[in-house]
Structures are given as structure tokens and as C-alpha cells.
Amino acid sequence: MGKFILLISRYDFAGSGHKIAEAVSLNSNHYVLPIITNPYLFPKNIRRTPSLYKQDDRGKIICYTGDPERIQSLVDKADIIHFKGDSVPTDDFIQGVVIPKDKPIIITTAGSFFRRGSSDVAMPKHKISEYLDVTDFRSCITPDLNYPEFKAQYIPHTIESFNNVWKNAKIPTIAHCKSMNNKKGTDQFLQATKILKDKGYKFYVDIIENVSHTESMQRKSEATIFFDEMSGCGWFGLSAIEAISMGIPTISYMSETALNQGNIKDIPVINCGNTAESLVECLKPLLMKDLYDISKKTFEYAQSTYSYEVVGKQWSDIYDSL
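### Regarding the packing of helix 9 (residues 292–306) against helix 10 (residues 308–321)
- At a closest axis distance of 5 Å, the pairing of helix 9 and helix 10 adopts a crossing angle of 30°. Between helix 9 and helix 10, the angle is such that the two are roughly parallel. Contacts from Gln303, Ser304, Thr305 and Tyr306 of helix 9 reach helix 10 at Tyr308, Val310 and Val311.
- Taken together, the residues of the contact of helix 9 with helix 10 break down into four nonpolar, three polar and no charged.

### Some remarks on the pairing of strand 1 (residues 4–9)
- With six of its six residues buried, strand 1 lies for the most part within the structure.
- Where burial is concerned, the two faces of strand 1 agree: the one with Phe4, Leu6 and Ile8 and the one with Ile5, Leu7 and Ser9 are both buried.
- Across six bridges, strand 1 lies against strand 2 (residues 31–36) in parallel orientation. Residue Ile5 lies in a different strand from strand 2, and its bridge partner there is Val32.
- Following the chain from strand 1 across helix 1 (residues 16–27) to the adjacent parallel strand 2, one finds a crossover that is right-handed.

### Focus on the sheet that holds strand 12 (residues 250–252)
- As summarised here, the arrangement of the five strands in space is 10-9-11-12-13, forming an open sheet in which the pairing is parallel. Each of the sheet's edge strands pairs with one partner strand only, and the pair in question is strand 10 (204–208) and strand 13 (270–271).
- Here strand 11 (residues 225–227) pairs with strand 12 via two bridges, running parallel. Bridging from a neighbouring strand, Phe227 pairs with Ile251 of strand 12.

Conventions we followed
Residues numbered from 1 in each chain as written. Predicted model: local features only at pLDDT ≥ 70, side-chain atom pairs only at ≥ 80, totals over all residues. Heavy atoms only, no water. Axes fitted to C-alpha atoms, helices over the stretch in contact; angles between N-to-C directions. Helix = DSSP H or I, 4+ residues; strand = E, 2+ residues; numbered from the N terminus. Parallel < 35°, antiparallel > 145°, perpendicular 65-115°, else oblique. Contact = heavy atoms within 4.5 Å. Nonpolar A, V, L, I, M, F, W, Y, C, P; charged D, E, K, R; others polar. Buried < 20%, exposed > 50% of the residue type's maximum accessible area, 1.4 Å probe, protein only. Pairing = 2+ DSSP bridges. Right-handed = clockwise from strand over helix to strand, strands pointing away.

See below:
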């Protein structure tokens, strides 16, 4: 018999929680309902369950009288409460709603407010022990967050569609999505591409920023190579996974710590190190050869790692175990 899981997130940036819910609901006998407590409009194409708090046409945050009672009824019916985000689960996580202490609690951490260390993308808000005290199962959406003391499991992002559109080009294009906070190593990337151009290498650079998600995906699909990031986290993000899902040869900095914490032995994403100089040395051979084999392995890896079927089965087994 399937279980009813309530997946609760404050914002669900990039819709990763929603995709977990879809992956499980479409590939198991469990039903996962995602609840986003706070309205967040980006990206606009992500399907979102009506939230407890809403934003009216003037941008004002509102809550209708019956909404807390509606959410409470869902909480009471749920077999498992699954929190997605970096906040510690609490019984008053949702204002006006009580989370019972007698239900299995899961936390899936996903970003900077959980990340440890001294990098610009590490801004932890809680001690790891605080999560251990109130959860029955813990997971991380990227392996750099899978700290041994967290006693968790690395379960990656999941995406719905895959389409190998990569094609070789006489003059290759290297695409990169610049982040709003400029923490992906864009400056080092531009420095590296200038060095290569000065050495006579011929290629185009496409910096993708301030565009719709649809346009971003289109421009990625036209890239010969995709550079994701060389940030302090030592792993790549959803933007890279989107490129991988289209068979685009992808490069990013992947730290030894993250590789070990995720128990990752074989991955076609190309490790470019975390300096402009190491990126130059990484790009040199890629700009001089046919990348067909790399593209093929990249696409196959995406299907076997990030698909709804694969990740949905992982989560289904975990829900069964609880």
C-alpha cells in the first residue's frame, strides 16, 4: 500500500522539491504532495502547488482565513513529512500549523544555508546536531553537503526530460550561465578564455544571464561545451545537469571531498580545477578534438543518474523503509 508524503519547502528554489514529488508519484505507488509555504516567482515555468502564503497583484503577501486549517488537514493525513531546504524542521515550521512529533521526518538539504566551510557560498544557519535531533532520515541534493557527521545519503537532483541535441561545430561555442551573485567563477572563466584566444584558439563564448529559463535552455542546447562553475562548494549545480541532459560536454570544478562524500567513481563531467590556469589546461584539448564520445557518455550518465525513474525509485525505497 502506498504512503502519502507531504513535502514541505519554504521557497523550493529551482523547483527541485517539486521534481522529487513528481518523480516519486509517477514511478511508485506513493503519492508526494509538495507544499511551498512562501510565494516565489522564479523560475516562472515551474508548476507550483498553491502555497499557504500568496502574493497578490500588488506584491503584498496574504494568507486566506481557511488556509492554515487546509494545510493542517494535509499534515494530519500524511504518513511522512519530508522537509526540503536548509532550515531545521520544527513543529511550528508553518505558522498556524502544528507538525506532529509522531510522524517520520525527513530533511533534504540543498544549499548555502547548510554548507560548511569558508567559501562565499557557505552560510550555515544551524549546527548539524540540530538536524540530527529532529529527523529520521537525512539527504543532500549535492555530494559536497554530505558531511560524515550529518549521517545522510546523497540523492541528486532529478529532471524530467532528456534530449541529446549536441552537435560538433567547426568553431566551438563555450556557454556559461552567470549567477545573480556572480559566485560561479565567471571572472576566472573570462580570464581563461582570453588567454586561450591570445594563444590563437578559435571559439565563441556565450555568457547567459538575465534571460528566461526557456531562452537559457535554448542557448545551452546550441553550445559545444558548457562551463558551469569553479566555486568554493566544489560541485556543479542544476544548470550543469540541464546541459548534461542534452548531451552537452560539461566542465566544472569537482573537489576530491565532494567526490568521496558522494562515492562517485566514474563521471563524464570534466574536472577543470578551481583556477583560471587549470581551466585553460582543461579547455585546450577539448577545443582541438571531436567530442562525440564525451557527449554520448555525458547523455548516458544523465539518464542513469538524474532521471525521474532512477531518483523516484531511490526515494520510493526510502519511504518504504520508514
